[in-house]
Each structure stands twice: as structure tokens, then as C-alpha cells.
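Here is how the chains run, residue by residue.
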Amino acid sequence: MTEELLAVDRDWFDAHPGRSFRIRRMIPGEFFPDPRDQPVLKKGETLAVAIMRSAALAANARANFPVAPRGKAHFTLVQKLEEGVRARSHLILSDQLEPETVSDGAAEAIAVLHGKVWGW
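Small disclaimer: the values here were computed from a predicted structure and weren't measured. Numbering of residues starts from 1 in each chain and follows the order in which that chain's sequence is written. Only residues with pLDDT of 70 or above have their local features reported here, since the model is predicted, and side-chain atom pairs are shown and tallied only from 80 upward, although totals for entire chains, interfaces and linings are computed over all residues. Side-chain metrics rest on all non-hydrogen atoms present in the structure, leaving aside hydrogens and water.

**Section: the nonpolar core**
Residues grouped as a nonpolar core are buried Ala, Val, Leu, Ile, Met, Phe, Trp, Tyr and Cys residues, joined through side-chain atoms within 4.5 Å. To sort residues, take the accessible area from a 1.4 Å probe on protein chains only and compare it with the maximum for the residue type: under 20% means buried, over 50% means exposed, and anything in between is partly exposed. The biggest cluster of nonpolar side chains holds 12 residues, and these are Phe21, Ile23, Ala73, Phe75, Leu77, Leu91, Leu93, Val102, Ala107, Ile110, Ala111 and Val117. Going along the chain from the N terminus, every DSSP run of H or I of four or more residues is numbered as a helix, and every run of E of two or more is numbered as a strand. Taken together, the elements giving at least two residues each to this core come down to β1 (21-25), β2 (72-82), β3 (85-94) and α3 (104-113). Residue contacts follow a heavy-atom distance rule, with two residues in contact if any of their heavy atoms lie within 4.5 Å. Once you skip the residues sitting within four places of it in the chain, leucine 77 turns out to touch Phe21, Arg22, Ile23, Ala87, Arg88, Ser89, Leu91, Ala107, Ala111 and Lys116.

**Examining a nonpolar patch on the surface**
Nonpolar side chains (Val, Leu, Ile, Met, Phe, Trp, Tyr) within 5 Å and like charges within 9 Å form the patches, drawn only from residues with over 30% relative accessible area and no salt bridge. Accessible surface is estimated by sampling points in the Shrake-Rupley manner with a 1.4 Å probe; for residues, cover comes only from the protein chains shown. Note on definitions: salt bridges are taken to be side-chain nitrogens of Lys or Arg within 4 Å of carboxyl oxygens of Asp or Glu. Nonpolar side chains collect at one region of the surface, where Leu41, Leu47 and Ile51 lie side by side and expose about 250 Å² of accessible area between them. Locating leucine 41 in the fold gives a position in the loop between β1 and α2 (47-64). Looking at leucine 41, the relative accessible area reads 44%, which means it is partly exposed.

**Examining the environment of threonine 46**
Position of threonine 46 relative to the elements: it lies in the loop between β1 and α2. The exposure class assigned to threonine 46 is partly exposed, which follows from its relative accessible area of 45%. When the C-alpha positions of threonine 46 and phenylalanine 32 are compared, they lie 22 Å apart, and in sequence the two are 14 residues distant.

**Points about the pairing of β2**
On any regular strand, side chains alternate: one points to one face of the sheet, the next to the other face. One ladder, built from five bridges, connects β1 with β2; its direction is antiparallel. Within β2, the residue paired with phenylalanine 21 across the bridge is glutamine 79. Only strands that DSSP links by at least two bridges are regarded as paired with each other. Hairpin geometry of β2 and β3 is characterised by an intervening segment of two residues between the two adjacent antiparallel strands and by a positive phi of about 80 degrees at glycine 84.

**Some remarks on α2**
End to end, α2 covers 26 Å across 18 residues, agreeing with the expected 26 Å (1.5 Å per residue, within 8%). Of all the positions in α2, only Ala50, Ser54 and Ala58 are classed as buried. Considered in projection along α2, the buried side chains sweep an arc of 70 degrees and stay on one side of the axis. Along α2, the residues that are exposed and aim more than 90 degrees away from the buried face are Ala48, Met52, Ala63 and Asn64. Each residue after the first adds 1.5 Å to the expected span of a helix. It is the directions from the helix axis to the C-beta atoms whose arc is reported.

**Re the packing of aromatic side chains**
Ring pairs are drawn from Phe, Tyr and Trp, using the six-membered ring of Trp, whenever the two centres fall within 6.5 Å, and their geometry is named by plane angle: stacked under 30 degrees, edge-to-face over 60, tilted for the rest. All chains considered together, the criterion is met by one aromatic pair. Taken together, a centroid distance of 5.0 Å and an interplanar angle of 90 degrees make the contact between tryptophan 12 and phenylalanine 13 edge-to-face. Overall, tryptophan 12 belongs to the buried group, its relative accessible area being 9%. By relative accessible area, phenylalanine 13 is classed as buried at 3%.

**What to know about the confidence of the model for the protein**
Looking at the protein as a whole, its pLDDT mean stands at 85, while 92% of the residues score no less than 70. Per-element mean pLDDT across the protein ranges from 83 in α2 up to 93 in β1. The predictor rates its confidence in each residue with pLDDT, a number between 0 and 100.

So, in C-alpha cells, the structure goes:
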């Protein structure tokens, strides 16, 4: 999923030159390690231990992920930092929000209000 996720945002920014911010509906599981990605081994660590460590981190992240209250939904703020470099942050906003209608300025304002802007 990691490569597909990067392609979604890359393609969107390619189709919207001049934009620095995007808000989109969150793709399920995007903020958790992809189980298909091989974990990075620490010095002296076996692959089996690394897999168990990665699974434990993913389980902990899922257990502590916030639940969207009634009338709210999970969104992703994507900020283009420079060519090929993007930062993603989790937001909980109104489930009535149509993210494709949010302008660059409005997305930036939402990011600032949530303390999610990088590079300032």
C-alpha cells in the first residue's frame, strides 16, 4: 500500500500545479505500517524479531488511534514541502466536508489551526 499511497498524492499534486496543501479522506490503514513492507532490521536483530517488533508497533498504533466522534470523519492533510517530498497528518473534521472543494488557502488555514504545518 505504501507505493500506491505515495502515487495517489503525487498524481494529485501533478494535476494541481501551484498547490501546496491537500485535504482528502483518509485511506484505511495509511497511518500504520504496511504488513507487506519488510521491517528495517536494527543492529544485531534477526528478521523474526524485527517482524514481531513491527507487529507490536502496528497493534499499539491501532489500539491508540483516535475514534472519530459522531458527525466527524478521518481525513489526511498532505503538505507538499518540495518536489517529491510530502508530509501527511491525520485530521478529524466534519463528515460533511467535501475535501475536493477545499482551496489551498482554506486547507492551509485548517492545517495551521490544527498545528499540522511543517517547515514554518
